[in-house]
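# Chains, contacts and geometry: an overview
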Amino acid sequence: MTTVKSLNPRILRKQFPMLARAGRHCAYLDSAASSQTPETVIRAMDAYYREFRANVHRGMYPASERATAAYEHARERVAEFLNADPKGIIFTRGATEALNLAAALAAQQLKPGDEVVTTVLEHHSNMVPWQQFAKRLGLKLKYVGLTPEQALDFNAAAQLITAKTKVVAAMHVSNALGTVLPIRRLSELAHRRGATFIVDAAQSAGHRPVDVQELGCDYLAVAGHKMFGPTGVGVLYGRPELLQAAEPISFGGDMISEVSFEGATWNELPWKFEAGTPNVAGVIGLGAAVDFIGRLGLKNIQAHEAKLAAYAQKRLLAIPKVRVYGPPPGVERAGVVSFRIGDIHPHDLTTVLAGQGICVRGGHHCAMPLMRYLKISGTTRASLSIYNDERDIDALVAAVERAARLFRL
Amino acid sequence: MSPTRRRGGTPLTTDTELIYRENILDHYRHPRNFGRLSQPTFSRHEANWSCGDDLEVFVRLDRAGRVAEIKFDGRGCALSLAAMSLLTEKIVGLKVEKAAKLGLADIVKLIGAPIGAGRSRCALLGLTALQRGAAENQIKKAPSS
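Reference entry: report on the structure contained in this document. Being a predicted model, the structure only gives us computed values, none of them experimental.

Our focus in this paragraph is the interface of chain A and chain B. With 19 residues of chain A at the contact, the number on the chain B side is 24 residues. When chain A packs against chain B, the two sides together hide about 1900 Å² of surface, and 47% of this comes from carbon and sulfur. Of all residues in chain A, Thr351, Arg402 and Phe407 of chain A give up the largest surface area on contact with chain B, accounting jointly for 24% of the area buried on that side. Applying the counting criterion to the chain A and chain B interface returns three salt bridges. The partner of Arg408 of chain A in a salt bridge is Glu22 of chain B, and the shortest N-O contact between them spans 2.5 Å. For the side of chain A that touches chain B, the element with the highest residue contribution is helix H13 (residues 346-355) of chain A, accounting for five residues. Within the side of chain A that touches chain B, the residues separate by chemical class into five nonpolar, nine polar and five charged.

This is the structure:
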């Protein structure tokens, strides 16, 4: 696939209908919550509904055959995107379902007293499932904290991950702070102790290269709607040997091989874990999103977001009474900039910003324990994508300064 | 609610900013009836975890069931604190049943600005505490069967 040389947000914005329509009246800085959907993805899903709207894996007629081919082609595209075996690619409703499924599958091997290590940075969807399994199975759950610079405390991780540790679950990129975690090193730690390693790649897939071989993960979760795909579709990658040994947790159509009144046998991988009619259009859309990303080039996307994040951090820090969370200037940061100004509550700030056409998120970002750990009620978060440029950041900064005046800071 | 823009590009005051007028900010920075009552007729704690807002309301009723005194304590955003501050001023002297019947429309009137769907929980936090506290008090008061 040919990749573009560099990204031009002004031209790219035209491919995203909501942004094209809003023009400069909308600075969409909430892509960590959900990215915009490009025309190519919308068209791919539209074609399914208009041209070959049939179920997959069933019909013998052309429309169904085409739907099946498109669905399975998307699986291959996603597998290639993650450098994974297609047998390990399970389509889910989203990253949340993928992480819940990963936890449920990994938990099949656990017994009372086993330890699970995760981090204080985690999104609720990679933390609450483990709290629940810990309660049900009598596991011990441990959290790796942060250094004073708000990076993951790797030394603490090295101490917490012991021979008793059976699962290590960590996010690749923090949705709340923009911190990038040392996934490869954590993977080595986990595997040296014989633990299963689960990665939440919801904020990294589509923003930087995510290679399951190189990262060394046993399970990895992806959110389709955060990487230009539609809502309602995600991916769980599972190492095929693990998936082979695991029992399915959802039963019904498609996942079975043979059913009698007495019992059933399971379908092959990956269908064993895809019960029922899947989100066909969503998966096809996700395949188109992967192609879209391929044309732009992940390295280009990563560089663009990093440059813009550094610019946003610098501009925000220049405003009196602003505090930016996460990596300090000069340390690697994903396209997420979380901040507070004075004593203004994030929800008040985001309300004022919304009035200025700035779309950002304020609050705990589904990481309440992290906010408590940082001793704050929440932050206001600007998150970036390929369609953002310095003008969006300038508009954000002007609106924050305006809020500061409004609140007489 | 898109901002009105002057030709020069400077935005005029937007609808959302009406919430943060001088008077409202004053209620936020200096909330009226802020504090606790040592012997309330009832009290109720209410939190909005998604915001980190956290209020406790203390109410003393007189013999006729009117709000004689009301105080509140806690932390929150400007909207939740100002709304509660304004509410406490409004309901002193009201029958508690009547006070508990107030709703979002009344809070919007007190704030004097439209409140979007995303913020209505903030605006209603104090009122919700009052309503739930009053309901619990009603149950407590009712003769057991």
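Residues and elements named next belong to chain B. Look at helix H3 (residues 78-91) against helix H6 (residues 120-141): their axes get within 6 Å of each other, and the N-to-C directions meet at 45 degrees. Judged by the angle between their axes, H3 and H6 are oblique. The two elements H3 and H6 meet at a crossing, and its hand is right-handed. Seen from H3, the contacting residues are Leu79, Ser80, Ala83, Met84, Leu87 and Ile91; seen from H6, they are Cys122, Ala123, Gly126, Leu127 and Leu130. Across the contact of H3 with H6, the residue classes break down as nine nonpolar, two polar and no charged.

Turning next to the sheet that holds strand S15 (residues 379-383) of chain A. Residue and element names in this part refer to chain A. Pairing in this open sheet of four strands is antiparallel, and the strands run S11-S12-S15-S14 from one edge to the other. In this open sheet, the two strands that pair with only one neighbour each are strand S11 (322-324) and strand S14 (361-363). The average undirected angle you get between the axes of adjacent strands in this sheet is 30 degrees. By the bridge criterion, four bridges tie strand S12 (residues 336-341) to S15 in an arrangement that is antiparallel. Across the sheet, Ser338 pairs through a bridge with Arg381, a residue of S15.

This next bit is on the pattern of salt bridges. Pairing between side chains of opposite charge can happen when their charged atoms approach one another. All names here are of chain A. Counted under the stated rule, the structure contains 32 salt bridges over all chains. Between Glu72 and Arg75 there is a salt bridge, with its nearest N and O atoms 2.7 Å apart. With a gap of three residues between them, Glu72 and Arg75 both fall in helix H4 (residues 62-81), about one helical turn apart. For Glu72, a relative accessible area of 17% translates into the label buried.

With that settled, consider unusual backbone geometry. All names here are of chain A. Between Leu269 and the following residue, Pro270, the backbone shows a cis peptide bond with an omega angle of 0 degrees. As for its position among the elements, Pro270 is in the loop between strand S10 (264-266) and helix H11 (280-296). Positive phi outside glycine occurs at His57, with the angle close to 60 degrees. Note on placement: His57 falls in the loop between helix H3 (39-51) and H4. For Gln150, which is not a glycine, the phi torsion comes out positive at approximately 65 degrees.

A separate point is the sheet that holds strand S2 (residues 53-61) of chain B. Whether parallel or antiparallel, the strands of a sheet pair through hydrogen bonds between backbone atoms. All names here are of chain B. Here three strands make up an open sheet; going across it, the order is S1-S2-S3 and the pairing antiparallel. Across the chains shown, the open sheet's two edge strands, defined by having one partner strand only, are strand S1 (42-48) and strand S3 (67-75). Pairwise comparison of adjacent strand axes, ignoring direction, gives a mean angle of 15 degrees for this sheet. Bridge count between S2 and S3: eight bridges; the pairing is antiparallel. Note that in S3 the partner of Glu56 across the bridge is Asp73. Along the sheet, H3 contacts S2 and S3; its crossing angle with S3, the most-contacted strand, is approximately 170 degrees. Sheet contacts for H6: S1, S2 and S3; angle to S1, the most-contacted strand, approximately 145 degrees.

A few words on the environment of Ile376 of chain A. Residue and element names in this part refer to chain A. For Ile376, the location among the structural elements is in the loop between helix H14 (368-373) and S15. Along the chain, Ile376 and Ser31 lie 345 residues apart, while their C-alpha atoms are 23 Å from each other. Those residues within four positions of Ile376 in sequence are excluded, and the remaining contacts are Tyr325, Arg340 and Met371.

Glancing now at the environment of Glu241 of chain A. Note on placement: Glu241 of chain A falls in helix H10 (residues 240-245). In this structure the side chain of Glu241 of chain A is engaged in a polar contact, spanning 2.8 Å, whose partner is the side chain of Arg239 of chain A.

The end-to-end C-alpha separation of H3 of chain A is 17 Å, in line with the 18 Å expected for 13 residues at 1.5 Å each. On the buried face of H3 of chain A, the contacting elements are H4 and H11 of chain A.

Definitions and cut-offs
- Residues numbered from 1 in each chain as written.
- Chains lettered and ligands numbered in written order.
- Predicted model: local features only at pLDDT ≥ 70, side-chain atom pairs only at ≥ 80, totals over all residues.
- Heavy atoms only, no water.
- Contact = heavy atoms within 4.5 Å.
- Buried area = accessible area lost by both parts, 1.4 Å probe.
- Salt bridge = Lys/Arg side-chain N within 4 Å of Asp/Glu carboxyl O.
- Helix = DSSP H or I, 4+ residues; strand = E, 2+ residues; numbered from the N terminus.
- Nonpolar A, V, L, I, M, F, W, Y, C, P; charged D, E, K, R; others polar.
- Axes fitted to C-alpha atoms, helices over the stretch in contact; angles between N-to-C directions.
- Parallel < 35°, antiparallel > 145°, perpendicular 65-115°, else oblique.
- Left-handed = near helix turned anticlockwise from the far one by under 90°.
- Pairing = 2+ DSSP bridges.
- Buried < 20%, exposed > 50% of the residue type's maximum accessible area, 1.4 Å probe, protein only.
- Polar contact = N/O pair within 3.5 Å; in protein donor to acceptor, adjacent residues only side chain to side chain.
- Expected span 1.5 Å × (residues − 1).

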